[in-house]
Amino acid sequence: MSQQAQSCRYTYQTSEGSHQGHYLYWPSACPDAPLLVCVHGLTRNARDFDILAQSLTDHYRVICPDIAGRGDSERLRTPALYGYPLYVGQMQQCLQHLMLKYQVTEFDWVGTSMGGLIGMMLAAQPVCPLRKLVINDVGFFIPKASLERLSGYVGKGTDFADLAAVEVYLREVAATFGPLTDAQWQHLARYSVELSNGRYRLRYDPAIAQAFVGVTPEDVDLSAIWQLVQLETLLIRGGDSDLLLRETAQTMAAQAHVTLVEFPGIGHAPALMARDQIRAIRHFLGCR
């Protein structure tokens, strides 16, 4: 890739004290371009958005944070704290940091799965600096079957001998991301792991899996939160998604401020690397 992201850190507070958060900053040719924040899914990290971010730097300065325990953001000492209250608090503090550093008052937001839920929760608050919202393959209703699928692999099989083994693993557990090219799978493999004692380990804290331990998955209904969201929203759905059901997506899209785009042959969640997916996001965000 011709353009390089800058690695940035900030401090945020939690109930166990201060932590170092991390984000990638993709500069724009226009120094006063608006800011777009892209937030990853449950076990992923900021590098998932490399292709999307670079494609948007003609219009935006792009910020890609690592949520606590993922990528280059510090892991928590208390695994029980991994959850949406902490993630939302972290992102609120991250946005405050960005406001001061870049002298802005509002942001657009792209969130995949967990990142979409964080965006939804921020947008539901009375005072919200978000302007436009892109939610990638998640909605107000999450069926227990999809949570059971997630609990089957989160925190497991996180140690590999080489990058080839990482790629094989990802092609299996992330097959629903869509028909990626070999280069895209290799990109995901390279940035999904870190080298530790001669072994490759996935770049997330396995302790995030404790949220599933001893818990019988049940349907999750966030309709009370979604009802408070009034931002102009692009809802992206993988046509075969088991997490964002078609019925849920259609219910959300019945609202005047929501535009629904579906991509057939893809499950949870579209990787936002394909040209048609990027094109849909650019159109919604007004990138001409």
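This text follows the structure it describes.
Note that the structure is a prediction, hence the values are computed from the model and not measured. (Residues numbered from 1 in each chain as written. Predicted model: local features only at pLDDT ≥ 70, side-chain atom pairs only at ≥ 80, totals over all residues. Heavy atoms only, no water.)

Student: I tried to follow the packing of helix 5 (residues 163-173) against helix 6 (residues 182-191) on my own but got confused; where do I start?
Tutor: For any two helices packed against each other, the geometry comes down to the angle between their axes and how far apart the axes lie. Direction vectors running N to C along helix 5 and helix 6 enclose 110°, while the axes themselves pass 9 Å from each other. Classified by the interaxial angle, the pair formed by helix 5 and helix 6 is roughly perpendicular. Every residue of helix 6 that contacts helix 5 at Leu163, Val166, Glu167, Leu170 and Arg171 is listed here: Asp182, Trp185, Gln186, Leu188, Ala189 and Arg190. Among the residues forming the contact of helix 5 with helix 6, the class breakdown is six nonpolar, one polar and four charged. (Axes fitted to C-alpha atoms, helices over the stretch in contact; angles between N-to-C directions. Helix = DSSP H or I, 4+ residues; strand = E, 2+ residues; numbered from the N terminus. Parallel < 35°, antiparallel > 145°, perpendicular 65-115°, else oblique. Contact = heavy atoms within 4.5 Å. Nonpolar A, V, L, I, M, F, W, Y, C, P; charged D, E, K, R; others polar.)

Student: Just checking my understanding: could you explain the sheet that holds strand 10 (residues 199-202) for this structure?
Tutor: In a beta sheet, neighbouring strands pair by backbone hydrogen bonds and run either parallel or antiparallel. The strand order across the open sheet formed by three strands is 8-10-9, and the pairing between neighbours is antiparallel. The two strands at the open ends of the sheet, each matched to only one other strand, are strand 8 (159-160) and strand 9 (193-196). For strand 8 and strand 10, the ladder comprises two bridges, and the chain directions are antiparallel. Bridged to Asp159 within strand 10 is Arg201. (Pairing = 2+ DSSP bridges.)

Student: Help me understand the packing of aromatic side chains, please; the structure alone is not making it clear to me.
Tutor: Each aromatic ring pair is described using two quantities: the centre-to-centre distance and the angle formed by the ring planes. Across all of its chains, the model carries five aromatic pairs by this definition. Here Tyr10 and Tyr12 contribute two aromatic rings whose centre-to-centre distance is 5.9 Å and whose plane-to-plane angle is 40°, an arrangement assigned as tilted. There is no split in this pair, since Tyr10 and Tyr12 are both buried. Between Tyr25 and Tyr102 the ring centres are 4.9 Å apart and the planes differ by 15°, which places this aromatic pair in the stacked class. A residue pair is termed long-range when its members are at least 10 positions apart, and Tyr25 in strand 2 (residues 17-26) and Tyr102 in helix 2 (residues 84-102) qualify at 77 residues. Like Tyr25, the residue Tyr102 is buried in the burial classification. Over the ring of Phe284 we find Lys132, and its NZ or CZ is 5.2 Å from the ring centre. (Phe/Tyr/Trp six-rings, centres within 6.5 Å; stacked < 30°, edge-to-face > 60°. Buried < 20%, exposed > 50% of the residue type's maximum accessible area, 1.4 Å probe, protein only. Lys NZ or Arg CZ within 6 Å of the ring centre and 35° of its normal.)

Student: What exactly am I supposed to notice about the pairing of strand 4 (residues 61-66) here?
Tutor: The element strand 4 is largely enclosed, with a buried count of six among its six residues. Residues of strand 4 alternate between two faces, with Arg61, Ile63 and Pro65 on one and Val62, Cys64 and Asp66 on the opposite face, all of them buried. Examined bridge by bridge, strand 2 and strand 4 share five bridges and lie antiparallel to one another. Bridging across to strand 4, His22 finds its partner in Asp66.

Student: Would you take a moment to explain the sheet that holds strand 5 (residues 107-112) for this structure?
Tutor: Across the sheet, which stays open at both edges, the eight strands sit in the order 1-2-4-3-5-6-12-13 with mixed pairing between neighbours. Each having just a single partner strand, strand 1 (6-14) and strand 13 (258-263) make up the two edges of the open sheet. Pairwise comparison of adjacent strand axes, ignoring direction, gives a mean angle of 20° for this sheet. The pairing of strand 3 (residues 35-39) with strand 5 spans five bridges and is parallel.

Worth remembering: the numbers are spatial, not functional.
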